[in-house]
Amino acid sequence: MPRLLLLDDDGRLALLAAGMLAVEGAPGFSEAIPCSLGEPSSDPLPTAVLGEIGLLLPPPVRSLASLPRQPNDILVSLGGTPHPDARLHLPCPPLSDDAPPLVRRASARFARDRLAHALQGALASLSLTQG
């Protein structure tokens, strides 16, 4: 089974998406791995909003450059700009660092739920077109 690589600039959106798939399942994929283009963020907010729904140990964010890739991996980019190697891009506003704490938490919850909904709609078509 292929792995699903979820990618954004700093890994925070990817962590939210992979966390939701850990809770809800990712049929057709062996695992969902959150990835970042650069150094993964150390922001605790994505982990905190995943903890609100019961995921206390989310998967670690990996740097895409250092992740050994497999031929059947499927890359999904998240955020504002599609990655050129991505099979699918799911737009989502980035998480703000400058907003007040309650606004940051609300925007992270919104991103978590938005990505979960978008992924559930996309997973069936991704697993059908693999290979």
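Bear in mind that the values here come from a model prediction, so they are computed numbers and not experimental data.

Here the focus is the nonpolar core. Core analysis: the biggest nonpolar cluster contains 30 residues, and L4, L6, L13, L16, L21, V76 and L78 have the highest contact counts within it. Breaking this core down by element, the ones donating at least two residues are β1 (3–8), α1 (12–24), α2 (45–51), β4 (74–79) and α3 (101–128). Considering each element in turn, this core owes the most residues, 8 residues, to α1. If we ignore the near neighbours within four places in the chain, the residues touching L4 are L21, F29, E31, A32, I33, I74, V76, L123 and L126. Ranked by size, the runner-up nonpolar core spans 7 residues in total, among them I33, C35, L64 and L75.

For side chains of opposite charge, pairing can occur when their charged atoms come near one another. Within this structure, the stated rule accounts for 10 salt bridges. Residues D43 and R12 are paired through a salt bridge, measuring 2.8 Å at the closest nitrogen-oxygen approach. Highlighted residues: D43 in the loop between β2 (31–36) and α2 and R12 in helix α1, separated in sequence by 31 residues. The buried category is assigned to R12, whose relative accessible area is 6%. The partner of R109 in a salt bridge is E52, and the shortest N-O contact between them spans 2.8 Å. Taken together, the residues span a long stretch of sequence, with R109 in helix α3 and E52 in the loop between α2 and β3 (62–63) at a distance of 57 residues. Each of the salt bridges in this network shares a partner with another, and the network as a whole consists of D10, R12, D43, D97 and R104.

With that out of the way, let us pick up α1. With 13 residues, α1 should cover 18 Å at 1.5 Å per step; its first-to-last C-alpha distance of 18 Å lies within 8% of that length. Taking burial as the measure, the 13 residues of α1 include 10 buried ones, the bulk of the element. Among all positions in α1, only R12, L13, A14, L15, L16, A17, A18, G19, M20 and L21 are buried.

The rules we used
Residues numbered from 1 in each chain as written. Predicted model: local features only at pLDDT ≥ 70, side-chain atom pairs only at ≥ 80, totals over all residues. Heavy atoms only, no water. Core = buried A, V, L, I, M, F, W, Y, C linked by side-chain atoms within 4.5 Å. Buried < 20%, exposed > 50% of the residue type's maximum accessible area, 1.4 Å probe, protein only. Helix = DSSP H or I, 4+ residues; strand = E, 2+ residues; numbered from the N terminus. Contact = heavy atoms within 4.5 Å. Salt bridge = Lys/Arg side-chain N within 4 Å of Asp/Glu carboxyl O. Expected span 1.5 Å × (residues − 1).

Geometric values such as these leave the question of function open.
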